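# Examination of the molecular architecture
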Amino acid sequence: MQTPEARTEALPAATEPTEPPSPAASAWWRSAAIYQIYPRSFADGNGDGIGDLAGIRARLPYLRRLGVDAVWISPWYPSPMADGGYDISDYRYIDPVFGTLAEAEALLSEAHAAGIRVIVDIVPNHCSDQHPWFRAALAAGPGSPERARFWFRPGRGEHGELPPNNWQSVFGGPGWRRVTEADGTPGEWHLHRFAPEQPDFNWENPEVHAEFESILRFWLDRGVDGFRIDVADNLVKDPELPDHDSGPSPWADQDRVHDIYRAWHEVLDGYDHDPVFVGEVWTPDPERFARYLRPDELHTAFNFPFLQSPWDATALRTVIEETLAAHAPVGAAATWVLSNHDTTRHVTRYGRPDTSYALDGRRVHGVPADLPLGRRRAGAAALLTMALPGCVYVYQGDELGLEEIEDIPPALRQDPTFFQTGGEDLGRDGCRVPLPWGDEAPDARSWLPRPAEWAGRSVREQSADPDSMLGFYRRALALRSARPALLDGGFAWLPARPGVLAFARTAAGTSVRCLVNLSGAPVPLPEHTEVLIASGPVDDGLLPGDTAVWLR
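What counts and what doesn't
- Residues numbered from 1 in each chain as written.
- Predicted model: local features only at pLDDT ≥ 70, side-chain atom pairs only at ≥ 80, totals over all residues.
- Heavy atoms only, no water.
- Pairing = 2+ DSSP bridges.
- Helix = DSSP H or I, 4+ residues; strand = E, 2+ residues; numbered from the N terminus.
- Phe/Tyr/Trp six-rings, centres within 6.5 Å; stacked < 30°, edge-to-face > 60°.
- Buried < 20%, exposed > 50% of the residue type's maximum accessible area, 1.4 Å probe, protein only.
- Salt bridge = Lys/Arg side-chain N within 4 Å of Asp/Glu carboxyl O.
- Core = buried A, V, L, I, M, F, W, Y, C linked by side-chain atoms within 4.5 Å.
- Expected span 1.5 Å × (residues − 1).
- Arc of directions from axis to C-beta.
- Contact = heavy atoms within 4.5 Å.

With that out of the way, let us pick up the sheet that holds strand S6 (residues 186–191). The strand order S4-S6-S5 describes an open sheet built from three strands, whose pairing is antiparallel. Strand pairing shows two members of the sheet lacking a second neighbour, strand S4 (152–153) and strand S5 (176–180), which therefore form its edges. Here S5 runs beside S6; their pairing, made up of four bridges, is antiparallel. Counterpart to Arg177 in the pairing with S6 is His190.

Okay, structure coming up:
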């Protein structure tokens, strides 16, 4: 939070407005509102306690009423679920727990009929150790073409008992697992940047390139509208596999990764329904990040610095300016996201004394949160993200104001992070608890337990209350969709008091101003003709703290 001393600073200056994009640049994805579905936790259509395609299909009217343009569905492929579906054993089918390929095709058709596009996850860095390729690699033995599709190496030490290098897994512990050879002896090691059950593909191998281009075509032929690319900057490794103690990592953001996305872009160019790539790119350098967004590579990439930013006017303005500046040279659309299936829900983060997220790479657990304060800030943050130029993401449950659930019993936890860190990091289960719809049977099963207090935050309860968070999201998304200035308009900062963000979006002679008061005290509203929407009460011409407003 800003200190009292910070509030004595001079008013931030206005800026010259940026030009709105040309009509040719106004593709659907440049300003879309996209809703993330984590399928296990969205909606259960058959009563087995696990979300599925039948549940998604049944809730399409809900999504249409919410006002989103597209959904991004986390992996729906067959998986042993060692990492919540991101360990894939078959990239061309649907996990039976979710449904069938025919149901997926029906979902695509029904979503399109409802005016909703469908983006699906693709995971090209690694697969499941149950994937046919990896099983064949184990059977074939050292030096085989089958093993060349992955990173197999002999171990170090007198008997090969040590990993080939010192790389660590993102989930904790060594990044290598030793395999048992067909004759029963300890053998080579395979690289896994994530769970041991997730062997990394070797993108030095042309067979890997050909396989994934084929997978893209398989789903595009069925009408998928795009792909969210998991850990998009991690595919290419330094082939020498050197030890790493400091400096640029040899497993991420290697220059040759861009060759992959240029080839993939050519695949998409062969389809006329305007499909899109969305990259999960954690590269911190803005210039290197922007390289992924060149016109012949990815269309958009997630804006993690914005998600990680504390609830502070100076910090947020800085990341907004840096985001827009990084995207401008390559003509890319920015993305604005507050939470996803891997991060602590922002209602909880914004209610803590430290409102940032994992700036040092570590999640924070067990810190008390003022949830009413967190929800007030979350509403203001929603209006901020929806007013900024680019596309906005809504993670399932954001629209209900759901918080992180941290008291899941250890016996029920499923995230590999929890197990690989010995419980030191509780992992991501807390943001993946199934949504409360309010029409579940009293004894309904759930793969992760829903807290009893969520009954009051269910879709049924909030749908009956126009002043609920759900009602607020519906109004805000409808206004955004109806206002050209908020979709394709130019952007300019406006003068504002310290602790306040103020900017205008302008198109076709109309303007919408967004003010976000992150200070601890009310501030006067500027002259206006209409309050379009506010995240909280706006009385006597004052904008309360932790509140946002759109003005005309």
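The phi torsion at Leu241 lies on the positive side, around 50°, for a residue other than glycine. Here Leu241 lies in the loop between strand S7 (226–229) and helix H7 (257–269). Positive phi values are uncommon outside glycine, yet Asp546 reaches one of about 55°. Secondary-structure assignment places Asp546 in the loop between strand S17 (542–543) and strand S18 (547–551).

By the definition in use, this model includes 33 aromatic pairs. Aromatic pair Trp76 and Trp219: ring centres 5.5 Å apart, planes at 40°, arrangement tilted. Highlighted residues: Trp76 in the loop between strand S2 (70–73) and helix H4 (101–113) and Trp219 in helix H6 (residues 206–220), separated in sequence by 143 residues. Take Trp76: its relative accessible area is 1%, and that puts it in the buried class. Residue Trp219 is classed as buried on the basis of its relative accessible area of 0%.

This next bit is on the pattern of salt bridges. Considering all chains together, one arrives at 31 salt bridges under this definition. A salt bridge links Arg57 to Glu110; its shortest N-O distance comes to 2.6 Å. In this pair, Arg57 is assigned in helix H2 (residues 53–58) and Glu110 in helix H4, connecting sequence segments 53 residues apart. The exposure class of Arg57 is partly exposed, given its relative accessible area of 26%. Note that Arg92 is salt-bridged to Glu211, the shortest N-O span being 2.9 Å.

In terms of nonpolar packing, the biggest core is built from 148 residues, with Tyr35, Leu63, Trp76, Trp219, Tyr261, Trp264 and Trp550 touching the most fellow members. Counting 10 residues, the second-largest nonpolar core is a separate cluster that includes Ala496, Leu515, Val549 and Leu551.

We now examine the sheet that holds strand S1 (residues 33–37). Strand pairing in a sheet is mediated by backbone hydrogen bonds. Such pairs are either parallel or antiparallel. On the basis of which strands lie adjacent, the open sheet formed by eight strands has the order S9-S8-S7-S3-S2-S1-S11-S10 and parallel pairing. Of all strands in the sheet, those with a lone pairing partner are strand S9 (300–301) and strand S10 (335–336), marking the two edges. Sheet analysis places strand S8 (residues 276–279) next to S9, joined by two bridges and oriented parallel. Note on S9: the bridge partner recorded for Val278 is Thr300.

Here H4 spans 19 Å end to end across 13 residues, near enough to the 18 Å set by a 1.5 Å rise per residue. Within H4, the full set of buried residues consists of Leu101, Ala104, Leu107, Leu108 and Ala111. Angular distribution of buried residues about the axis of H4 spans 110°; they occupy a single face of the element. Opposite the packed face of H4, turned more than 90 degrees from it, sit the exposed residues Ala102 and Ala113. Those residues of H4 hidden inside the fold are in contact with H2, helix H3 (60–66), S2, strand S3 (117–122) and H6. One or two residues past the end of H4 sits Gly115, with phi positive at roughly 80°.

So, to be careful, I would describe these as geometric facts and stop short of saying anything about function.
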